[in-house]
Amino acid sequence: MNCKTRLDPASLDALAHDLDQLRLAINSQVGERDARHICRVRGTAQAAAISGRGLLMFGFGPVSWVLGVLSLATAKIVENMEVGHNVMHGQYDWMNDPTLNSQSYEWDIVCDGDHWRHSHNVQHHDHTNIVGKDHDYGYGMLRLTESQRWSPWNLLQPLWYLLLAINFQWGVAIHDIKIGRYLKRRMGKEEFRQRMRPFLRKAGRQLFKDYVLFPALAFWQWPRVLLGNLLANLIRNLWTNAIIFCGHFTTDAHTYSREEVRNESRGQWYLRQIQGSSNLEGGRWFHLLSGHLSHQIEHHLFPDLPAPRYAEIAPQVREICARYGIHYNTGSFWKQYWGVLLRMARHSLPTRPRLAAQGS
Amino acid sequence: MDRSPSASSSRADGAPLRGRIARLWRHPLLAPLNDGAAWERAAQLLRADFSLTEVRATVVGVEQHLPDLTSLWLRPNRRFRGFLPGQHLALTLNVDGARQSRCFSLSQAPRADGLLRLTIKRQPQGVVSAAAHALKVGQTVGLSQAQGRFAARPGDQPLLLISAGSGVTPMIAIVQGLVVKQPQRSLTLIHCGNSSSGIACADELNDLARQWPGLELILHDSACSGRLNPAQIAAYVPDWQQREALACGPSAFMAMVEQRYAGRLAQLQQERFGFVAAPVDPDAPQHKVRFGDPEQVFTAAAGQSLLNAAIAAGLQPRHGCGKGICRSCQCRKRSGSVRNLLTNAISGNGEELIQLCISTPLSALDLDPQPQGTNR
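None of these values were measured; they are calculated from a predicted model.

Now for the overall build of chain B. The helix and strand inventory of chain B stands at nine helices and 18 strands. Reported as C-alpha extents along the three principal axes, the dimensions of chain B are approximately 65 × 55 × 40 Å. With 376 residues in all, chain B has 45% of them scored as buried. Split by element, the accessible area of chain B, about 19200 Å² in all, is 52% carbon and sulfur. Of note, chain B has its 40 positive side-chain charges centred 7 Å away from the centre of its 28 negative side-chain charges.

Following this line, the structure appears as structure tokens:
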């Protein structure tokens, strides 16, 4: 495992300055091309959803069923990752298009938009990889670093992970409710009920859509629609989960303690975002299907930059990292994902912090 | 636009049923089938000006009057509810990927074929007017419904219209409307321009005056007679005090007209283009911020983030990270200018979205805490 880089205050300021300059330069180019991109991607996703649901509802035979499932799964993946996630970050707010506004966008997943905006945009993106503060770190059920407390429950970690991956949209949906705090009686019943309400509303609507409305519209074909929707949701869950886990839990992705980030400067914040994130290498389609989260490092530096721009600035970010001696964590999907699985398996045992000398 | 009484009463009867159907249609359980915006986008692939909710229009002609003055002939879709001469509307264009709106006067009285004309002056730094000048026949634009009450009052009182530059645009519509409806009404138009750079719509006005002898046209050329002043108004139109007056033009010109009508402003109607933005003053120690509805006012020191200032003033704006990452505190700025504390970028003074936690004021501000704004 790579060591965590620490920089002196002067270098940190210089790093912050370099990254700010990069951001200004790329921001001045944002315009028509980005607007066309998001409109086209949204249109394509909607067309894929229509054709997928159409094939499931009115098609005959197994081939149309498989095509329908794949089409609907792709539609859900693109809508969630490239459109929903990125729009809700405010990447396209400058377009003044009310249907692409970060604060009102609602996506095709059981997670309520406002819950996501809070747990993801506010908490995860600010407190990235701070153990105890970033609730996305291990999702409250997985132990991925020595500094998380071990319990016998972690021995079955691979099994819990499999369950989480299969039901990933539900994991994301209940994330901001903070059920753990309620169970530990650190949250009152009334607050818990308040937090449950948006989740129940959104989940009810999603379930109704995929398992009542569309099957019913297909009349006697309802079983193939219901099963197809179930499978499309499953494919989406597995894919988004794999991509997201590769973002922060790879072998070389570092964690931080609350003490480390006390009075954090802007340079330190940038440094933590780089060292807490990891990229995936792949072609244009891979980047699109991952919602450009394959450029997790660039995304965490500039969460509200239109995502296709991440690929453009990646060489410069990499060059800046090299200049400051910061490890730029990237690799193929399988290499990175294998690293995540190994890490998960290793920390299911009561691992101890390594020698202090290695960590400094 | 006139609407027959029978049509409006049948609408009223139909309203409860229609309302119920609309409510049913909008029910969240019907999503995504009831995503009207998505269906509209699909329909617009076939017909670009189609919409069930918005006024959209096709550019059917472009008429260049002067190098910096162009008229667009537009065919609106059926959502457009008509207009009265003198009214204006907001034109929405795609400017480098972003929707931008500006108000322009309709420069042609309502026509039988429903075509609209907007006459647009290119502003030195105006991105929207530049985009409007670049429009070509066949392109689609967004429009609002007609707005404003700038119009001759009904009755027989003689009229005096005073305009300068592109301020002539509503006057042409008003004159065209009046010569048809009230040809006997006494009507004088003083229009100022500078012949060295061209007088806006001079030929058109001369044609109108030839066609309608009842219209007295005075073209004031400031290249030879200097800028119009209050005394000249009285000299051109000795009975100006008996006339109902309408004026439209740049702000210095409007100030001059107001001076003429000091003490008798009730007689004068004025049309100003856009709003007058608060002046940018980066050296002022603090700025006044109007926030929300019901309106609250707080002051923010130069260099202080608007979020901190609002919280210090006891307001409770929605917010999150406080570092410009999460956009929870995003607001719609209606007017005024801010500096981005992270990038030091200085905003324009028009309407746009800003993040309270990383913006500091450079002028008085008017903010709307709803990021969508109220005109959704």
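This paragraph deals with the packing of aromatic side chains. All names here are of chain A. For the structure on display, the rule yields 21 aromatic pairs over all chains. When the ring of Tyr161 is compared with that of Phe245, the centres are 4.9 Å apart and the planes differ by 45°; the resulting orientation is tilted. Placement of the pair is Tyr161 in helix H5 (residues 157–166) and Phe245 in helix H9 (residues 222–248), with a sequence separation of 84 residues. A single burial state applies to Tyr161 and to Phe245, both of which are buried. One aromatic cluster is present, built from ring pairs that chain together Tyr137, Tyr139, Tyr161, Phe168, Phe245 and Phe249.

Overall, the prediction assigns chain A a mean pLDDT of 94, with 98% of residues at 70 or greater. In the model, residues 356–360 of chain A has pLDDT below 50 throughout and makes three contacts with residues more than four positions away in sequence or in other chains.

Attention now goes to the pattern of salt bridges. One pass over the structure, following the stated rule, counts 40 salt bridges over all chains. The shortest N-O distance in the salt bridge between Asp97(A) and Arg99(B) comes to 3.6 Å. Here Asp97(A) is found in the loop between helix H3 (61–88) and helix H4 (113–126), whereas its partner Arg99(B) is found in strand E4 (residues 98–105) on a different chain. For Arg99(B), a relative accessible area of 33% corresponds to the partly exposed category. A salt bridge links Glu244(B) to Arg153(B); the nearest nitrogen and oxygen atoms lie 4.0 Å apart. Placement of Glu244(B) in strand E10 (residues 244–248) and of Arg153(B) in the loop between strand E6 (140–143) and strand E7 (159–164) is noted, with a sequence separation of 91 residues between them. Using a relative accessible area of 39% as the deciding quantity, one classes Arg153(B) as partly exposed.

With that settled, consider H4(A). All names here are of chain A. In this model H4 runs 18 Å from its N-terminal to its C-terminal C-alpha over 14 residues, within 8% of the 20 Å that 1.5 Å per residue would give. A large share of H4 lies buried, amounting to 12 of its 14 residues. Here H4 has its buried residues at Gly113, His115, Trp116, Arg117, Ser119, His120, Asn121, Val122, Gln123, His124, His125 and Asp126. The inward-facing, buried residues of H4 abut H3, helix H6 (168–175), helix H8 (189–217), H9, helix H10 (266–275) and helix H12 (296–301). Taking the backbone nitrogen of Asp114 as reference, a side-chain oxygen 3.2 Å away marks Asp112 as the first, capping residue of H4.

This part is about the interface of chain A and chain B. Taken together, the contact between chain A and chain B spans 36 residues of the former and 35 residues of the latter. Buried surface at the junction of chain A and chain B, summed over both partners, amounts to about 2900 Å²; 53% is from carbon and sulfur atoms. In terms of surface lost to chain B, no three residues of chain A exceed Glu32(A), Asn96(A) and Gln103(A), which account for 18% of the buried area on that side. Seen at the junction of chain A and chain B, the total is four salt bridges. Linking Asp93(A) and Arg327(B) is a salt bridge whose minimum nitrogen-to-oxygen distance equals 3.6 Å. One can count nine residue pairs in polar contact (both at pLDDT 80 or more) joining chain A with chain B. Among the secondary structure elements, those contributing two or more residues to the side of chain A that touches chain B are helix H1 (9–27), helix H2 (32–58), H4, H8 and H10 of chain A. The element best represented in the side of chain A that touches chain B is H8(A), accounting for six residues.

Here we take up the layout of surface pockets. All names here are of chain A. Approximately 1300 Å³ is the volume attributed to the second largest pocket. Lining of the second largest pocket is provided by 32 residues; of these, His135, Tyr139, Gly140, Met141 and Lys184 occupy positions nearest its centre. Where the lining of the second largest pocket is concerned, the elements lending two or more residues are H6 and helix H7 (179–183). In the lining of the second largest pocket, the residues fall into 12 nonpolar, 12 polar and eight charged.

This paragraph deals with empty space enclosed by the protein. All names here are of chain A. Enumeration over the complete set of coordinates arrives at three cavities of 30 Å³ or more. Reported here for the largest cavity is a volume of approximately 250 Å³. Contributions of two or more residues to the lining of the largest cavity are made by H3, H4, H6, H9 and H12. When grouped by side-chain class, the residues that make up the lining of the largest cavity number 10 nonpolar, 11 polar and two charged. The calculated volume of the second largest cavity comes to roughly 50 Å³. In this structure, the second largest cavity is lined by Trp116, Ser119, His120, Asp136, Tyr139, Val172 and His175.

Before going further, it helps to spend a moment on the domain arrangement of chain B. As far as domains go, chain B holds domain 1 (1–34), domain 2 (47–143), domain 3 (159–271) and domain 4 (286–368). Computed from C-alpha atoms alone, the centre-to-centre distance between domain 3 of chain B and domain 4 of chain B is 42 Å.

Residues and elements named next belong to chain B. Pairing is mixed in the open sheet, where five strands are placed in the order E13-E12-E18-E14-E16. Pairing within the sheet leaves two strands with one partner each, and these edge strands are strand E13 (296–301) and strand E16 (352–355). Averaged over all neighbouring strand pairs, the angle between strand axes comes to 40°, with direction disregarded. For strand E12 (residues 286–291) and E13, the ladder comprises six bridges, and the chain directions are antiparallel. Residue pairing in the sheet places Phe291 in a bridge with Gln296 of E13.

What follows deals with the sheet that holds strand E9 (residues 215–221) of chain B. Residue and element names in this part refer to chain B. Spatial ordering of the open sheet is given by E9-E8-E7-E10-E11, a layout of five strands whose pairing is parallel. Looking at which strands have only one partner, the edges of the open sheet turn out to be E9 and strand E11 (268–271). Between one strand and the next, the sheet's axes are offset by a mean angle of 15°, whatever the strand orientation. When E7 meets strand E8 (residues 187–193), the two strands line up parallel, connected through six bridges. Residue Ile162 lies in a different strand from E8, and its bridge partner there is Ile190. Running over the sheet, helix H5 (residues 202–211) touches E8 and E9 and is turned about 155° from E9.

Before going further, it helps to examine the environment of Ala109(B). Residues and elements named next belong to chain B. Summarising the element assignment, Ala109 is placed in the loop between E4 and strand E5 (116–121). Accessibility expressed as a relative area gives 8% for Ala109, which makes it buried. Once the C-alpha coordinates of Ala109 and Arg56 are considered, the two residues, 53 residues apart in sequence, prove to be 19 Å apart. Ala109 has contacts with Phe83, Pro85, Ala173, Gln176 and Gly177, leaving out every residue within four places of it along the chain.

A few words now on a nonpolar patch on the surface. Residues and elements named next belong to chain A. Among the surface-exposed residues, Leu155, Leu156, Leu159, Leu162, Leu163, Ile166, Leu238 and Leu349 lie close enough to one another that they form a single nonpolar patch of about 680 Å² accessible area. Here the nonpolar patch takes four residues from H5, the largest share from any one element. Looking at the secondary structure, you find Leu238 in helix H9. Overall, Leu238 belongs to the partly exposed group, its relative accessible area being 39%.

About the criteria used
Residues numbered from 1 in each chain as written. Chains lettered and ligands numbered in written order. Predicted model: local features only at pLDDT ≥ 70, side-chain atom pairs only at ≥ 80, totals over all residues. Heavy atoms only, no water. Helix = DSSP H or I, 4+ residues; strand = E, 2+ residues; numbered from the N terminus. Buried < 20%, exposed > 50% of the residue type's maximum accessible area, 1.4 Å probe, protein only. Areas by Shrake-Rupley, 256 points an atom, 1.4 Å probe, with all protein chains shown as cover. Lys, Arg positive; Asp, Glu negative; His and termini not counted. Charge placed at Lys NZ, Arg CZ, Asp CG, Glu CD. Phe/Tyr/Trp six-rings, centres within 6.5 Å; stacked < 30°, edge-to-face > 60°. pLDDT = per-residue confidence, 0-100. Contact = heavy atoms within 4.5 Å. Salt bridge = Lys/Arg side-chain N within 4 Å of Asp/Glu carboxyl O. Expected span 1.5 Å × (residues − 1). Polar contact = N/O pair within 3.5 Å; in protein donor to acceptor, adjacent residues only side chain to side chain. Buried area = accessible area lost by both parts, 1.4 Å probe. 1 Å grid on protein atoms, 1.4 Å probe; cavity = no way out; pocket = protein on both sides within 12 Å on 5 of 7 lines; lining within 4 Å. Points joined across faces, edges and corners; volume = space filled by probe spheres on them. Nonpolar A, V, L, I, M, F, W, Y, C, P; charged D, E, K, R; others polar. Domains from an automatic or database assignment. Pairing = 2+ DSSP bridges. Axes fitted to C-alpha atoms, helices over the stretch in contact; angles between N-to-C directions. Patch = residues over 30% accessible without salt bridge, like charges linked within 9 Å, V, L, I, M, F, W, Y side chains within 5 Å.

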